Structure formats: C-alpha cells, structure tokens
Amino acid sequence: MTRSVKKKKKAVTADQEVLRQPLPIRQRQRLIDACITALHLYGPTGTTVARVVAIAKLSPGIVRFYFRSKAAMLVASLQFLATEFEDRVVTPVVALRGQPALALQRLVELYLDPEIASPRKVAVWYAFWGEASARQEYLAICGQKDANFAALVHDLVDRMIVSSGRRHLDSEAVALGLIGVLEMLWQGFAFEEEANIDRALARRRCMAYLRSVFPREFAALDEGAGAGRVIRGMHGDPLEEREKFFRGAWQFAGHEQEIPGSGDYVALDLADTRVLVVRDAAGTVRAFRNACRSLPHALVSTRRGRFADASIACALHGLSYGLDGRPVGSHEGAGLLQFEVYRSHGLIFVRSPAAARPWPEPDLAGIGAASDYLPLPDAAGSPWPVEADWKIVMLQLLESRPPGATTSPWRRQFLRPNMLVEQRPGALSILQVLPAGAGRSRVQQFEYAAPAADPQALAGEERARSLMRVQLERELAIAASTQQGEADPDYEVDASVAPSPATAAFRRMLLDADY
Ligand code: FES
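Residues numbered from 1 in each chain as written. Predicted model: local features only at pLDDT ≥ 70, side-chain atom pairs only at ≥ 80, totals over all residues. Heavy atoms only, no water.

S.K.: In this structure, what is going on with the sheet that holds strand E6 (residues 311-313)? I would like to understand it.
M.R.: Within a sheet, neighbouring strands are paired by backbone hydrogen bonds and run either parallel or antiparallel to one another. One open sheet holds the 3 strands; their spatial order is E6-E7-E8, and the pairing between them is antiparallel. Where the open sheet ends on each side, the last strands, each with one partner, are E6 and strand E8 (327-328). Sheet topology note: the strand E7 (residues 320-322)/E8 ladder contains 2 bridges and is antiparallel. Paired with Ser320 across the bridge in E8 is Val328. (Pairing = 2+ DSSP bridges. Helix = DSSP H or I, 4+ residues; strand = E, 2+ residues; numbered from the N terminus.)

So, in structure tokens, the structure goes:
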C-alpha cells in the first residue's frame, strides 16, 4: 500500500483538549461554569461572587483577576452560552441548508440536546429575560443570536416551501410556529430535573408539528419509524449536495494493473470532473484533471491507453504536457491540475486537493489482497444511466444481496459516499454511483480478477458476472421505480418496517454534517 497523502493525527478527546489549555484559560472557564450554576440556582440578582467562588472551589480574589466586576462575569457567562449555541446548533444546521428537511430535523435534535438545553443552561437564559435590570445586557449580547436563529429557521422554511411546492403556506407563520414549539419545550426544561425530561417525546412533538405542515417530507424522516429506504425528504439542492458529498470525497479511478508501464493511463468521468491517471517514467502514479489548461476539454477520450512518447498532447492546438503534468515544448504555461492519489489493495482513488472539507481515506479493511488482479476484458463498460437520484440507487444497492453470496464467501465494503466494493473468490468488482442531475444518476462498474485462473474457474467467474449484471439491471430498475413512487403525494411509509443496518448507516451519513 502506498500513500501520497499525510497521515491523520491521533484524535484528541475533549478532556485532553481542556487539559492542554493554559491554566488562566482553564480557571476562567471554571469560573464561568460556576457562574452558570449560580445563575441557575439564585438568578442574576442572587448570584454573588462569594457563591460563584464557593461553587468553583477557588479563592474570592481570583474573580477580580479575570473579571472587572460581578456584572462582567455575568455577561461573560451569557456570552459563553451564546457562542456555544452558535457553534453547536447554528453552524451544523447551516451546513445542511441545501437539504432543508434534514436541516430542520437536525435543528430540532440540536436545539433539544442535553448539552445545550440542560435545565441549568436553559434556566440561565430565562433568568436574564426575567430580570428587568439584566434585560438590556441580555438583549445586547443575545439579541443578534436570537435574530440569527430566527433568520435560519425562516430560511429553512422558505426552502421547504419551494421544494415541497406548497407555495400557499405563510413561511413567516410556519417559522414562528416552530420557534414557538421549541421555546415552549425549553421553558418546560427550565423547571424540571434532567431525570424527568423526556427528550425523545419533545423531539417527537417538534417533528409532529413539522409533519403537520409538510407531511410528505417529514413522514420520510420520522424519528424511530422505520422509514425504510424512502428518502424523499432528503433531497436537497443538487449543487450543494455535490459540494458536500463529492468535492472532498475519494473516488475510485482505476486499478494499478491497468497502468503497469510508463505512459499508461486510465481516464474516468466522475461527479463533476474528469480524471486522468498516469504512471510516469519513475513508476509514480499521478492523477490530473483530464482537461487542457487552454480550454477545459478532455485530453483523452478513451478509458485506457498509453502516451507513447511520454507526453500528454492536446489535439486541439498542440499544447503538450509531460507525464508529471508540466508543460513541455515551446509553451511555458501552467501545468495540468492535479488530484491527490491514494492507493490501497491495488485500487487507485483520487480526491481534489481544492476541497474545503476533505473526506477520510477509503476504508478497505474488509477486503482481501487484490493488488495483482487484472482488469477483465470489458472491466469498465459504459456507465448505466438511471432515472433515480444517486441516494436512492445507493440505498437499493446496499439492500441487495449479491448473487452467489449465500454459497461462496463474499466480502462487501461500502465506501462513503457512493461506492461498493465486492470481492468474491478470485475476483473483485466496484460499483460507483454518481449524480447526473436532479433525480438522475449513472452507475459505473469495474471488474478485476486474479491472474492465471484455470478454465473451470474462468467459466464459473463468467457465470457469476452474468448473474451480477442481471441483478444490477434489476436493482437499477427498482431504484427508478422507487423514485417514481416517491412522487405520489398520498403514499405513506409503513413505520413498522425497520431499515437494515446498512440503510440506517447510509441515512446517518446523509444526516451527519461531519461524516
Ligand atoms: S485547448 Fe488544448 S491546446 Fe488549445
């Protein structure tokens, strides 16, 4: 296995992160935590320096060191809560804005999360609201926070109205309704012990409100309900979705045995880009955008080939690039745009270095050795166009059982966000599902087999491949039919049908802004 990307650093836990902070920062935070507890117990008027230091188990003089006055300490505590709310609620929801149903569901979850909506913290918000003397300070610090939150809810509701086609709805009223439901639930939390709070019920109430306004979209996201493989509430803006799921993701581009010698190349169209993978004279595997730097048209149009004279020439006006991507000959312009390369088990993956949010490397732990596998004669046929969103296709493939999986040892690995690697005795195939516009996708299949298989094994392999092709056609037809069925406004999901673990994991990936 060869890597051309940096190794990830070991994760640091939140506690370790806190311990790494300098002592003054830790002490100040300890005082803020104690102040929040005091505000919860005694309110702003009853919160005194003596009570705060007693809770913090620090000496009274230390407050003066960090805060000018008691008022400054109260304001700092409220500011801390406002920043926490922004970081832990608003920012993750904004990241999902392209999928408004998912974003609203996440907003409900995060708004009611025990870390944010603990009785202790919620009580502090209301304590400031309740005291006229403190109200001006509250408004100064948190007015913007409240306004931002309301604007976010309005924006998501607007998007829901557009995507659901329910243009008769009053977005202002719907947004106020949701904010009101959330506020009422918070008020209830403020006067309860944590043990008495039923957060699952609170979430269900919010989702019931949203479902009463957007029944189709939120039926599919019903918490706790199976919701099967129906994801009609999870379709977002295709461009934002591509940015989120594909721009920084590793994508399969070929097998090392397809480019054994210097100048050998494979080319492939991905979600929004075309890739050209080349082996240079030193044996290094390089990947470039399959696009000339003069005009973004493809330098090569075949899946595989060889640059005989070690130069990548553009047929249009004759610009040439070396196998390292640098311009050669008389022109001294820019070189080819590069991709990052990750190689494992003989498989070559590429990723754009320009992605703002790079994905982790593909996990092939469940796949056995395949470095010497050779491409089968029609290893990468034409992509299959499918009249179904890429997510529907992925879910269908994840639910399917490969033919022969019951009688021979199969390994299957899902590579986020859109690939399946399947390994059977002596052979391996990769399915890659790519978005091709709203409600459309294309599926690319690549097949490789161990060298020197005997004739009997080859015949068996050919039978397996033919069965796989039949099954794939069937799965893609089901995906297209599922998408058609999702458009039926009166269709309802049977909530008793639980999704499989693979489907649940895929849905979580769609939901999880941090993948
Ligand atoms: S477009 Fe490639 S040389 Fe002009």
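Now that the structure is up, let's keep going.
S.K.: Would you mind going over helix H3 (residues 49-56) with me for this structure?
M.R.: Counting along an α-helix, one turn takes 3.6 residues, and residues three or four places apart therefore face a common direction. Taken as a whole, H3 has its buried residues at Val52, Val53 and Ala56. An end-on view of H3 places all buried positions within 95° of arc, on one side of the element. Residues of H3 that are exposed and angled more than 90 degrees away from the buried face: Ala50 and Ala54. Trailing H3 by a residue or two, Lys57 shows a phi angle of about 55°, which is positive. (Buried < 20%, exposed > 50% of the residue type's maximum accessible area, 1.4 Å probe, protein only. Arc of directions from axis to C-beta.)

S.K.: Would you mind going over empty space enclosed by the protein with me for this structure?
M.R.: One simple way to see leftover space: roll a probe sized like a water molecule over the atoms. Throughout the structure, instances matching the rule amount to 2 cavities of 30 Å³ or more. Its volume calculated, the largest cavity comes out at about 120 Å³. Among the elements that line the lining of the largest cavity, the one with the most residues is helix H14 (residues 455-486), at 4 residues. Looking at the lining of the largest cavity residue by residue, the class counts come to 7 nonpolar, 3 polar and 3 charged. In this structure, the second largest cavity occupies an estimated 40 Å³ of space. Lining the second largest cavity we find Leu81, Glu84, Phe85, Ile116, Lys121, Trp125 and Trp186. Breaking the lining of the second largest cavity down by element, the ones donating at least two residues are helix H5 (70-95) and helix H7 (119-130). For the lining of the second largest cavity, the leading source of residues is H5, giving 3 residues. (1 Å grid on protein atoms, 1.4 Å probe; cavity = no way out; pocket = protein on both sides within 12 Å on 5 of 7 lines; lining within 4 Å. Points joined across faces, edges and corners; volume = space filled by probe spheres on them. Nonpolar A, V, L, I, M, F, W, Y, C, P; charged D, E, K, R; others polar.)

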